[in-house]
Structure formats: C-alpha cells, structure tokens
Amino acid sequence: MGGIVGSGIFINPYVVARLVHTPALILGAWVAGGALALVGAFVYAELAGRMPAVGGQYAYLREAYHPLFGFLYGWVLLFVIGAGGTAATAVTFAKYFHELTQTTVSENMIAVVAVASLTLINCLGVGAGSRVQSFFMILRIAAIVLVASCGAWIVMRPAAVPGPAWHPLLDRPVSFDLLTTLGATMVPILFAYGGWQTTNFIAAEIRDPRKNLPRALLLGVIGVIALYVSVNFFYVQALAPSGLAATSTPASELMRRALGGKGAALIAAAIAASTLGFLSNAMLTYPRVYFAMAEDGVFPRIFARLGSATRVPVWSIALQGALTISVVVLGTYEQILSYVIVMDWLFFGLSASCLFVFRRRAKRDASSALAATQYRVPGHPWTTGLFTGVAWLIVINTIYKYPRNSAVAVCILFVGVPVYFMLRLLERRRVRQE
C-alpha cells in the first residue's frame, strides 16, 4: 500500500473530472483502474512466486525473452519511470510544503533537499528505509481516511446541499471519442494506482517471498481500491463534478469546506507527508533493478557494489537520487504523467506475458525452479491475456492523445538499444582482460 498511495489521489481526481463530467463516469473510471491494477497484482503475485529474484520485472524479462528486454526496462525505469515519476512527486511535495510553511526557500530547493535526504536514509540500509516507508504509509492512509470522513460529514449534515444527479450516466453519446476519452482518464488514474509492482523489486530481501509477496500484492491493492473509490465518491458528492474539475487541489477544497482554513492546512501537511513517503518507497525499491543489471554485466559494475556496513547498493541508490534531482530542475508534473504511463504500461504488458513463457517451461520441466509456486493466477490464460492486451491498448491510446510527450519516452527507449550493445561489448573486453 505504501508503494501505491502517493500524491495522485489528492491531485489527479480533478484531471479525471475535466475529461468526463458525470458521477457515474468519474467513479466508473476509478473502479476500472482499480480492477486493472488488481488483475495486474494477481499476475505479479504468480511471477513473484515463480521467480522471487531481485529486480522484479527486469529479471522476468531477462529470463523469459532476452537480456536486451530486461535492460530496456531498467533503462526506461532509470530515465523515465523512476526519475520522472519521483521527480514529479518531489515537486508536488515542495509545493505543499511551501504553501504550508510559507518559507522563502524556493520550491525546487525544497524538492532537492527532500530527495537528497531520502537518498541518504536509504543508503543506511533496508531496515532504515523500510521503517521510514512504513511510517509515511500510515500517515498517507490516515490522510485519505480523514478526507473521506470530512466528505461524509459534508454530505450527511442537515444543512448539506443535495449531491449531484446520477442521471444521465454518460456525458456524451457512445462513440469513438467517448472510448478514447475514457482511455485518457486512465493516465492520471493508473499513475495514482501505480507502484504495486515495486514490491517485486526487493523480492530477494523479503522473508519467505513465495508466501509473503503474493499476500502483500493482493491485500495491498484491494485495500487501496477501497480507499481510492471511497474518497472519490465523497469528492463527487461534496464538490460535484464541476467543482471537482475546477480545483487542482480537491482534497484541500473539501477540507476547507468541512473545517475552514485549519482543515486546508491540515490536509496540506498530510499531502506533504504522503508525497515524501512515495519518494521514500522509490529510493528503497528502484535501485535494486540497477543493482541486478550491474550484476548481469549490462550496467557499469560500480552499481553492483554493496556498502560494507549496510549491505545495500549504495551507488545505485545514489544514481537514482542524482537523476531525480536533475529532473526536478528540468521537468514539470503535467508533462511527466503521460510519458511515464506509456513506458510503465508497455512493460507491464510485456512482463505479464512472461507468465505464459514461465508456465510453458514449468510444464516441460516439473523440477525447474519456475515450477515452484504457492500461488496461481485465477482464470489464466484469459485474465493474463486480458491484462496484457488492455495494458498495450492504454499505451496506444496515450500515444494517440498525447503524441509529443509520448514521443519523448519512445525516443529514450530506442536510445537504450545501442547503449545495451555498447555496454555488453565493454563487459566482454573487461572479462577478457581479467
């Protein structure tokens, strides 16, 4: 849950409300996004059970297809998904922290200090990083519960203004435009639901991963769906679709209506804590992919070094922090959303397809390590195939709706191909010299 719940639920609902304009479409989109994340969690639970290796998606793609596919995932994780997503979250934290404290320090400097501090904490060891992550996870869930509770109070109090009408269900006729618009709502929604896959990155560091990883994935995603749908119901009921679309800070607006200025300040503090918690999770999990790549010889060897005292990949963590700080200075939240989703869901679909390969191999060789699992996806191959297909439809629709930002992500992906072969060549030369 800590890997999923970030700033998205406090900000992205207004983006959805600007795209679709009826309560049924708004809530339906959030339910659909949650259902897709849950199916993905089912698939990743079995992948984790069959291959509880450090690196998560990187390891699945490397073993199922070719090391190039694993490298390209790590490449876009480093430069797009990891650096981009965490940079956007750091800027969001800085904005709310600045609003809360009214400090004269610039927002960019606040974001840089936050990223640098969490980088240092996670270099001290997985125990220190996970304790910080757990602390902020509790704060984030408490903030969502607080927003939902205040929304319920606004809706149920005697002097409450009647909520919005639930008819008509659609804001336009059924058409290609409606379908592509619903697809566009998945960009902010899936960004908010994103993060459930990061638990698999640290599979090798979890006690009894074949049992605990599937449990964490499924219970965590179900819990987040319940939280997200509840809070969006109260956003719609208290603010109405038009009011929700009119504010870029719906949580603050709802709390202001419930508790006045003090309520808005309280939720600003909660959002700041929420975004800081997401950053902590990113610094804990993403560097394990670069560590695994370096161990395989497709990334500079220095990133496979562990701290002598902490036994964590210090150089990989420092790399993640440095790139995130760079993007903080250069990027903006709005631009990052679409190109992060393009790469994230391209590789979600590809990683899910690895399950077909692993099951076929396990069937051929019952003694294979891939055959050992305590969990199997219900409805496979239909559910796995559906998830894979929908993931790639989301990618196609995002490219159609946001071609410029998507093109940036695609270019970064293709640049990774010659870089992979160059790094492999350098690694072979290093091995021959030794």
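Position labels on residues start from 1 in each chain and follow its written sequence. Note on the predicted model: pLDDT of at least 70 is required for a residue's local features to be given, and 80 or more for side-chain atom pairs to be given and counted; whole-chain, interface and lining totals, by contrast, use all residues. With hydrogens and water stripped out, all remaining heavy atoms of the structure feed into the side-chain values.

Participant: Summarise the overall build of the protein; cite the residues concerned and give the values.
Facilitator: For helices the rule is a DSSP run of H or I covering at least 4 residues; for strands it is a run of E covering at least 2, with both sets numbered from the N terminus onward. Of the regular secondary structure elements, the protein holds 16 helices and zero strands. Here the protein holds 434 residues, and the buried ones make up 56% of them. Contacts are assigned to residue pairs that have any heavy atoms within 4.5 Å of one another. Within the protein, contacts between residues separated by at least 24 positions form 82% of all contacts whose residues are at least 6 apart in sequence. The buried label goes to any residue with under 20% of its type's maximum accessible area, the exposed label to any with over 50%, and the partly exposed label to all in between, with areas taken from a 1.4 Å probe on protein chains only.

Participant: Kindly report on the packing of helix H12 (residues 287–295) against helix H13 (residues 314–330), identifying the contributing residues and their values.
Facilitator: Lines fitted to the C-alpha atoms define the axes, with helices restricted to the stretch that makes contact. Angles between their N-to-C directions range from 0 to 180 degrees. Across the interface, H12 lies against H13 with an axial gap of 8 Å and an inter-helix angle of 125 degrees. Taken together, the axes of H12 and H13 lie oblique to each other. H13 is crossed by H12, and the crossing has right-handed handedness. From H12, Pro287, Arg288, Tyr290 and Phe291 reach across to H13, where they touch Ser316, Ile317 and Gln320. Here is the rule for angles: anything less than 35 degrees is roughly parallel, anything more than 145 is roughly antiparallel, 65 through 115 is roughly perpendicular, and the remaining ranges are oblique. Throughout, a crossing is termed right-handed when the near helix is turned clockwise from the far one, and left-handed when it is turned anticlockwise from it by less than a right angle.

Participant: So what's going on with the pattern of salt bridges? Which residues, and what values?
Facilitator: Whenever a carboxyl oxygen of Asp or Glu lies within 4 Å of a side-chain nitrogen of Lys or Arg, that contact is scored as a salt bridge. Enumeration according to the criterion identifies five salt bridges in this entry. As a salt-bridge pair, Glu63 and Arg62 come within 2.9 Å of each other at their nearest N and O atoms. The class of Glu63 is partly exposed, set by a relative accessible area of 35%. By relative accessible area, which is 19% here, Arg62 ends up buried. Here Asp177 ties to Arg172 by a salt bridge, and the two come within 3.1 Å at their closest N and O atoms. Classification of Asp177 by relative accessible area gives partly exposed; the value is 39%.

Participant: Give a description of a nonpolar patch on the surface that names residues and reports values.
Facilitator: Taken together, the side chains of Val105, Met109 and Val113 make up a nonpolar region of the molecular surface, amounting to roughly 240 Å² of accessible area. Among the structural elements, Met109 can be located in helix H6 (residues 107–123). With a relative accessible area of 44%, Met109 lands in the partly exposed category. Patch membership is restricted to residues that have no salt bridge and whose relative accessible area is over 30%. Joining uses 9 Å for like charges and 5 Å for the nonpolar side chains Val, Leu, Ile, Met, Phe, Trp and Tyr. Using the Shrake-Rupley algorithm and a 1.4 Å probe, accessible areas are obtained, with residue cover drawn only from the displayed protein chains.

Participant: Requested: an account of the packing of helix H5 (residues 67–101) against H6, with residues and values cited.
Facilitator: For the pair H5 and H6, the least separation of the axes is 8 Å and the interaxial angle reads 120 degrees. In terms of axis orientation, H5 runs oblique to H6. For the crossing formed where H5 meets H6, the hand is right-handed. Contacts from Ala90, Val91, Phe93, Ala94, Lys95, Phe97 and His98 in H5 reach Glu107, Ile110, Ala111, Ala114 and Val115 in H6. Residue classes follow a fixed rule: Ala, Val, Leu, Ile, Met, Phe, Trp, Tyr, Cys and Pro count as nonpolar, while Asp, Glu, Lys and Arg count as charged, and any other residue, Gly among them, counts as polar. Looking at the contact of H5 with H6, its residues break down into nine nonpolar, one polar and two charged.

Participant: Tell me about the packing of aromatic side chains, and name the residues and values.
Facilitator: Ring pairs (aromatic) are described by centroid distance and by the angle formed between their planes. Side-chain rings of Phe, Tyr and Trp (the six-membered ring for Trp) are treated as a pair once their centres are within 6.5 Å; stacked means planes under 30 degrees apart, edge-to-face means over 60, and tilted covers the remaining angles. For the structure on display, the rule yields 18 aromatic pairs. On the basis of an interplanar angle of 75 degrees and a centroid distance of 6.4 Å, the ring pair of Tyr44 and Tyr60 is categorised as edge-to-face. Within this pair, whereas Tyr44 is found in helix H3 (residues 23–50), its partner Tyr60 is found in helix H4 (residues 57–64), the two being separated by 16 residues in sequence. For the pair Tyr44 and Tyr60, a shared accessibility class is recorded, and that class is buried. The interplanar angle of 40 degrees and the centroid separation of 5.3 Å between the aromatic rings of Phe299 and Phe303 together place this pair among those described as tilted. Comparing Phe299 with Phe303 shows no difference in burial state: the two are buried. By the ring-pair criterion, three or more aromatic residues cluster together here, those being Tyr44, Tyr60, Trp345, Phe348 and Phe387.

Participant: Run through helix H16 (residues 403–433), naming residues and quoting values.
Facilitator: Here a helix's expected span is defined as the number of its residues, less one, multiplied by 1.5 Å. Taking 1.5 Å as the rise per residue, H16 with 31 residues should run 45 Å; its terminal C-alpha atoms sit 46 Å apart, in good agreement. Among the residues of H16, those classed as buried are Asn405, Ser406, Ala409, Leu413, Gly416, Val419, Tyr420, Leu423 and Glu427.

Participant: Please give an account of the nonpolar core that cites residues and values.
Facilitator: Residues enter a nonpolar core if they are buried and are Ala, Val, Leu, Ile, Met, Phe, Trp, Tyr or Cys, with the set joined through side-chain atoms within 4.5 Å. By size, the foremost hydrophobic cluster in this structure holds 135 residues, and its most contacted members are Phe10, Phe71, Tyr228, Phe299 and Trp345. Broken down by element, the residue count for this core peaks at 17 residues, all from H5. Apart from residues lying up to four places away in sequence, Phe10 is in contact with Arg140, Ala143, Ile144, Val147, Tyr235, Thr249, Pro250, Ala251, Ile271 and Ser274.

Participant: Give me the lowdown on the side chain of Thr398, citing residues and values where you can.
Facilitator: For Thr398, the position within the fold is in helix H15 (residues 382–401). Here Thr398 is in contact with Val187, Ser338, Ile341, Val342, Pro403 and Ser406, once residues within four sequence places are set aside.

Participant: Could you give an account of the side chain of Thr324, naming the residues involved and the relevant values?
Facilitator: Take Thr324: it is sitting in helix H13. A residue is classified by how much of its surface remains accessible, and Thr324, at 0% relative accessible area, is buried. Excluding anything up to four places from it in sequence, Thr324 contacts Gly82, Ala83, Thr86, Ala87, Val115 and Met283.

Participant: Describe H15, naming the residues involved and giving the relevant values.
Facilitator: The end-to-end C-alpha distance of H15, which contains 20 residues, comes to 28 Å, matching closely the 28 Å that a straight helix rising 1.5 Å per residue would cover. All buried positions along H15 are accounted for by Thr384, Phe387, Thr388, Ala391, Ile394, Val395, Asn397 and Thr398.

Participant: Break down the environment of Ala268 for me, citing the residues and quoting the values.
Facilitator: Along the polypeptide, Ala268 turns up in helix H11 (residues 261–285). Residues Ala268 and Ala251 lie 17 residues apart in sequence; the distance between their C-alpha atoms is 8.5 Å. Look past the residues within four positions of Ala268 in its chain and what remains in contact with it is Tyr96 and Leu100.

Participant: Lay out unusual backbone geometry in plain terms, naming residues and giving numbers.
Facilitator: Backbone torsion omega between His380 and Pro381 reads 10 degrees, so that peptide bond is classified as cis. Looking at where Pro381 falls in the secondary structure, it is placed in the loop between helix H14 (333–364) and H15. The phi angle at Gln102 is positive, at roughly 55 degrees, despite the residue not being glycine. Note on placement: Gln102 falls in the loop between H5 and H6. Of note, Ala240 is a non-glycine position whose phi angle comes to about 70 degrees, a positive value.

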